[in-house]
Amino acid sequence: HSPNPTKAPWYFMGLQALLLHFPPVFSVFVIPALLTVALVFLPWMDVDAGQGGIWFRSRRGRATALASAGVAIAATVGAVVVDESLRASGATGLVGRGLLPTALVVAACAGYGLFLRAVFRATHTELLQSMFTVVVTAFVVLTAVGVWFRGAGMQLGWWG
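Throughout what follows, the structure given in this document is the object of discussion. Keep in mind it's a predicted model, so treat the numbers as computed, not measured.

1. Let's talk about the overall build of the chain
Now for step 1: Assigned secondary structure in the chain consists of five helices and zero strands.
Now for step 2: For the chain, the α and β elements follow one another from N to C terminus as α-α-α-α-α.
Now for step 3: Going through the 160 residues of the chain one by one, you find that 32% of them count as buried.
Now for step 4: Carbon and sulfur atoms make up 76% of the accessible area of the chain, which totals about 9,600 Å².

This is how it looks when you write it as structure tokens:
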């Protein structure tokens, strides 16, 4: 008998977690395509003082990256819990489960970028590394949730 649920290998668990929270079109095509395009153009976006590619070079850069990791952990866990309750209540549809959450995530990232500019006075490079830190941390959290906190029927719980 195959286990319930059949889980993807750990390195695809983040993508399987996206399938739980978004429709397949968004979780398999739109979100990975947006992230791939952003990562491809990332080297050309780093324009500060001709030091492209040297990240975390300042104390402020390290502070913004650390703050971004903490925010990403809290926001991802919160989003998983909220989405789990919405999924249990029967919220469905391309707009309610795809377009609207994706727009909210993009708006939250833009708002967080403005927050970093205002509070930390982050440079362009520090802003890019913070957004990159948010995305990587969120993916790691989704992977950890999928590996250790999803049980039978992919229900959220304290089992592994």
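Alright, that's what it looks like, and here's the rest.
2. Overview of the environment of Val81
Now for step 1: Here Val81 lies in helix H3 (residues 59-89).
Now for step 2: Its relative accessible area of 46% is what places Val81 among the partly exposed residues.
Now for step 3: Sequence separation between Val81 and Leu156 is 75 residues, and the spatial gap between their C-alpha atoms is 8.2 Å.

3. What about helix H1 (residues 13-21)?
Now for step 1: Here H1 lies mainly inside the structure; seven of its nine residues are buried.
Now for step 2: The complete set of buried residues in H1 reads Met13, Gly14, Gln16, Ala17, Leu18, Leu20 and His21.

4. A look at the nonpolar core
Now for step 1: Counting residues in hydrophobic clusters, the biggest one holds nine residues: Ala17, Leu18, Phe22, Phe26, Ile31, Val80, Val141, Leu142 and Val145.
Now for step 2: Contributions of two or more residues to this core are made by H1, helix H2 (24-45) and helix H5 (124-148).
Now for step 3: If you tally residues by element for this core, the top one is H5, at three residues.
Now for step 4: With six residues, the next largest nonpolar core counts Ala72, Tyr112, Leu116 and Val134 among its residues.

5. Re the packing of H3 against H5
Now for step 1: The geometry of H3 relative to H5 is characterised by a closest axis approach of 8 Å and an angle of 35° between their N-to-C directions. Relative to H5, H3 is oriented so that their crossing is right-handed. Contacts from Arg60, Gly61, Arg62, Thr64, Ala65, Ser68, Ala69, Ala72, Ile73, Thr76, Val77 and Val80 of H3 reach H5 at Glu126, Gln129, Ser130, Thr133, Val134, Thr137, Ala138, Val141, Leu142 and Val145.
Now for step 2: Classifying every residue of the contact of H3 with H5 by side-chain character gives eleven nonpolar, eight polar and three charged.

6. Structural notes on a nonpolar patch on the surface
Now for step 1: Judged by side-chain polarity, Trp10, Tyr11, Phe12, Leu15 and Phe139 come together as a nonpolar surface patch covering roughly 550 Å² of accessible area.
Now for step 2: Within the element layout of this structure, Leu15 appears in helix H1.

7. Brief notes about the side chain of Gln129
Now for step 1: Here Gln129 shows up in helix H5.
Now for step 2: A relative accessible area of 1% means that Gln129 is categorised as buried.
Now for step 3: A polar side-chain atom of Gln129 sits 2.8 Å from the main-chain carbonyl oxygen of Gly61.

8. Focus on the pattern of salt bridges
Now for step 1: This structure, assessed with the given rule, holds two salt bridges.
Now for step 2: For Glu84, the salt bridge is made with Arg150, and the minimal N-O distance between the two is 2.8 Å. Placement of Glu84 in helix H3 and of Arg150 in the segment after H5 is noted, with a sequence separation of 66 residues between them.
Now for step 3: Classification of Glu84 as buried rests on a relative accessible area of 12%.
Now for step 4: Looking at Arg150, the relative accessible area reads 2%, which means it is buried.

Procedures and definitions
- Residues numbered from 1 in each chain as written.
- Predicted model: local features only at pLDDT ≥ 70, side-chain atom pairs only at ≥ 80, totals over all residues.
- Heavy atoms only, no water.
- Helix = DSSP H or I, 4+ residues; strand = E, 2+ residues; numbered from the N terminus.
- Buried < 20%, exposed > 50% of the residue type's maximum accessible area, 1.4 Å probe, protein only.
- Areas by Shrake-Rupley, 256 points an atom, 1.4 Å probe, with all protein chains shown as cover.
- Core = buried A, V, L, I, M, F, W, Y, C linked by side-chain atoms within 4.5 Å.
- Axes fitted to C-alpha atoms, helices over the stretch in contact; angles between N-to-C directions.
- Left-handed = near helix turned anticlockwise from the far one by under 90°.
- Contact = heavy atoms within 4.5 Å.
- Nonpolar A, V, L, I, M, F, W, Y, C, P; charged D, E, K, R; others polar.
- Patch = residues over 30% accessible without salt bridge, like charges linked within 9 Å, V, L, I, M, F, W, Y side chains within 5 Å.
- Salt bridge = Lys/Arg side-chain N within 4 Å of Asp/Glu carboxyl O.
- Polar contact = N/O pair within 3.5 Å; in protein donor to acceptor, adjacent residues only side chain to side chain.

Shape descriptors only; they carry no functional weight alone.
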